Amino acid sequence: MVNRHSYKCELGRHLQSLAELEVLCTHLYIGTDLTQRIEAEKALLELIDSPECLNKCQLLLEQGTTSYAQLLAATCLSKLVSRVSPLPIEQRIDIRNYILNYVASQPKLVPFVIQALIQVIAKITKLGWFEIQKDQFVFREIIADVKKFLQGTVEHCIIGVILLSELTQEMNLVDYSRPSAKHRKIATSFRDTSLKDVLVLACSLLKEVLAKPLNLQDQCQQNLVMQVLKLVLNCLNFDFIGSSADESADDLCTVQIPTTWRTIFLEPETLDLFFNLYHSLPPLLSQLALSCLVQFASTRRSLFSSPERAKYLGNLIKGVKRILENPQGLSDPGNYHEFCRFLARLKTNYQLGELVMVKEYPEVIRLIANFTITSLQHWEFAPNSVHYLLTLWQRMVASVPFVKSTEPHLLDTYAPEITKAFITSRLESVAVVVRDHLDDPLDDTATVFQQLEQLCTVSRCEYEKTCTLLVQLFDQNAQNYQKLLHSTSRITVDMAIQEGRLAWLVYLVGTVVGGRLTYTSTDEHDAMDGELSCRVFQLISLMDTGLSQCSNEKIELAILWFLDQFRKTYVGDQLQRTSK
């Protein structure tokens, strides 16, 4: 090893020996000294600018004693081939072929080195996509290269699949240092000439996996399946029309599958493949199969004719039914979350009138309702996934006035049950939160408001049932609260529980009142709103009279929410008609 002083001096020159390069790797990737790391980063830039760079990279790959030496070589090559002024075409072909041979001869390299080297090939391929030598597009033979890997060992197959996956991601990645029109031109050409072949190849590999008995104890086998599923997901997540959609806008996503892919999507075997994989694989892999199904469920409607769309939806619904009838896999939080996303996407992409026409609809809507009720009752399990279930029910109920089909939608049966499950589960959670000192869901007001805004639509379906339940619960809890206020020996825990329940009830009353729609509201519904609002105003009066002893921040925040909803519904200057 070189001491620190000589290290700095020597690196200022041209990093003559392998030993010096390995010291650079150590300081760059695992060093803890900030000064040494900064010096190493400077040396890395010098190395990339050096005419000896390619030779040094080769030296590191062939004689380096650590994985970090190979990683440094991959990093240098990546920066070298990404320059705005490219290397000569012959040199880039040589680098690509060298790396392909290198990873083929050493398939057991550590994963981060394989990935870094493959990313170099992906960058070379993308940036040279339109380059021609001897009347040939020299960088487009990637699928032919991958097929050679697929004829080798499992490790070779994994490398081939990672190569396609990284290339698909690289083609989708916008490089803001280059003209966006050029990126779009390359991505569109890749989509039109190669992406369908990549997807077909990936699906055929998955069919081979299912055709043989799965040895899930074999780590290599598991890794191969995982990489193939990631490849399919990268294909389905491709930015097909250059919209660069915001990935956080999850609810509104439609996958703009090219028309040339129709045949793949019309084959029932395609959907069956991924449902079968979900049921056959362990959770880490089955959630990737579900992620693919989320994208299949989001396929643009215009890809199909009306009869084809009905058939495709029927196959999706059959898959949902099978999952809910065999729910063991949903105990895994990853699977559960992806399945909730899958259900929400179904309603985003298909109309209620289409869903009710599916033969299995009555049974499936019953299963989904039971699944939702169970999910709401287990409020502490995967709370971030409930958003998708409430989105599904909100959109289903909002569609009811527009359904022209004579088939029963059954939402008048199940929507009140969903509302009841939400109300009772939130009230029951308070005692557990207080006694076990858990994080209080009421403290996360952003999530509470989001869920209440979704619930407000659902709660107005068969409103009489919801109103009766809320009146009963409000009276019971308000009486208990009053007793505790006047008790001389009140217990702090009991008081906290009662206040938490009342806070939830005030939020819920504000929610159902805020869900009133002018065009569907009746005098009877307005009278019910009055019954509920009256109780909140009485609670406000009670709290005002005993302000010193019954001030509670959670209840007060809930009252502010209620007043805002009440004002928007019954006091605002935009009202279409006045209420009795």
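Since the model is a prediction, treat every value here as computed from it, not as a measurement. (Residues numbered from 1 in each chain as written. Predicted model: local features only at pLDDT ≥ 70, side-chain atom pairs only at ≥ 80, totals over all residues. Heavy atoms only, no water.)

**As for the UniProt feature "domain: Importin N-terminal" (unreviewed entry) in the chain**
(1) Moving on: What UniProt calls "domain: Importin N-terminal" (unreviewed entry) maps, in this numbering, to residues 40-105.
(2) Moving on: Note that residues 40-105 is 80% helix and 0% strand, and that its end C-alpha atoms are spaced 30 Å apart. (UniProt positions renumbered as here; feature names shortened; annotations may be inferred. Helix = DSSP H or I, 4+ residues; strand = E, 2+ residues; numbered from the N terminus.)

**Some thoughts on the pattern of salt bridges**
(1) Moving on: Enumeration according to the criterion identifies 20 salt bridges in this entry.
(2) Moving on: Ionic pairing is found between K554 and D443, a salt bridge with its closest N-O pair at 3.8 Å. One end of the pair, K554, is in helix α25 (residues 553-571); the other, D443, is in the loop between α20 (411-436) and α21 (445-459), and 111 residues separate them in sequence.
(3) Moving on: Ionic pairing is found between D564 and R567, a salt bridge with its closest N-O pair at 3.1 Å. (Salt bridge = Lys/Arg side-chain N within 4 Å of Asp/Glu carboxyl O.)

**Description of the packing of helix α18 (residues 361-377) against α20**
(1) Moving on: Here α18 crosses α20 at 10 degrees, and the two axes come no closer than 8 Å. Considering their axes alone, α18 and α20 lie roughly parallel with respect to each other. Where α18 approaches α20, its residues Y361, I365, R366, A369, T372, I373, L376 and Q377 are matched on the opposing element by L411, Y414, E417, I418, A421, F422, S425 and R426. (Axes fitted to C-alpha atoms, helices over the stretch in contact; angles between N-to-C directions. Parallel < 35°, antiparallel > 145°, perpendicular 65-115°, else oblique. Contact = heavy atoms within 4.5 Å.)

**Some points on the side chain of R96**
(1) Moving on: Note on placement: R96 falls in helix α6 (residues 89-105).
(2) Moving on: Although R96 is buried, it makes no salt bridge; D145 carries the closest opposite charge, 4.1 Å away.
(3) Moving on: Excluding its chain neighbours within four sequence positions, the residues that come into contact with R96 are I121, I124, V138, F139 and D145. (Buried < 20%, exposed > 50% of the residue type's maximum accessible area, 1.4 Å probe, protein only. Lys, Arg positive; Asp, Glu negative; His and termini not counted.)

**Quick look at the nonpolar core**
(1) Moving on: Counting residues in hydrophobic clusters, the biggest one holds 194 residues, and the most contacted among them are L229, F265, F274, F339 and W393.
(2) Moving on: Discounting residues that sit within four places of it in the chain, F265 has contacts with L236, I257, F296, T299, L303, F304 and Y312. (Core = buried A, V, L, I, M, F, W, Y, C linked by side-chain atoms within 4.5 Å.)

**Focus on the environment of T35**
(1) Moving on: Summarising the element assignment, T35 is placed in helix α3 (residues 34-49).
(2) Moving on: T35 sits in the partly exposed class, given a relative accessible area of 36%.
(3) Moving on: Spatially, the C-alpha atoms of T35 and T254 are 49 Å apart, while their sequence positions differ by 219 residues.

**Considerations on the packing of aromatic side chains**
(1) Moving on: Tallied over the entire structure, the rule returns 23 aromatic pairs.
(2) Moving on: Consider the rings of F339 and F342, whose centres lie 6.3 Å apart with planes at 40 degrees: the pair is tilted. One end of the pair is F339 and the other is F342, both in helix α16 (residues 333-349) and three residues apart, which spans about a single turn. With respect to class, F339 is no different from F342; both count as buried.
(3) Moving on: Each member of the aromatic cluster is reached from another via a ring pair, and the members are F275, Y336, F339, F342, F371 and F381.
(4) Moving on: The residue whose ring lies beneath R140 is F137, and the NZ or CZ to ring-centre distance is 3.8 Å. (Phe/Tyr/Trp six-rings, centres within 6.5 Å; stacked < 30°, edge-to-face > 60°. Lys NZ or Arg CZ within 6 Å of the ring centre and 35° of its normal.)

**A word on a negative patch on the surface**
(1) Moving on: On the surface, D412, E462, E464 and E524 cluster together into a patch of negative charge.
(2) Moving on: Tracing the backbone through its elements, the reader meets E524 in helix α24 (residues 523-545). (Patch = residues over 30% accessible without salt bridge, like charges linked within 9 Å, V, L, I, M, F, W, Y side chains within 5 Å. Areas by Shrake-Rupley, 256 points an atom, 1.4 Å probe, with all protein chains shown as cover. Charge placed at Lys NZ, Arg CZ, Asp CG, Glu CD.)

**What to know about helix α5 (residues 67-81)**
(1) Moving on: With 15 residues, α5 should cover 21 Å at 1.5 Å per step; its first-to-last C-alpha distance of 21 Å lies within 8% of that length.
(2) Moving on: Most of α5 sits inside the fold, with 11 of its 15 residues counted as buried.
(3) Moving on: Every buried residue belonging to α5 is among A69, Q70, L71, L72, A73, A74, C76, L77, S78, L80 and V81, and all of these are buried.
(4) Moving on: Buried residues along α5 sit against α2 (18-30), α3, α4 (53-63), α6 and α7 (111-127). (Expected span 1.5 Å × (residues − 1).)

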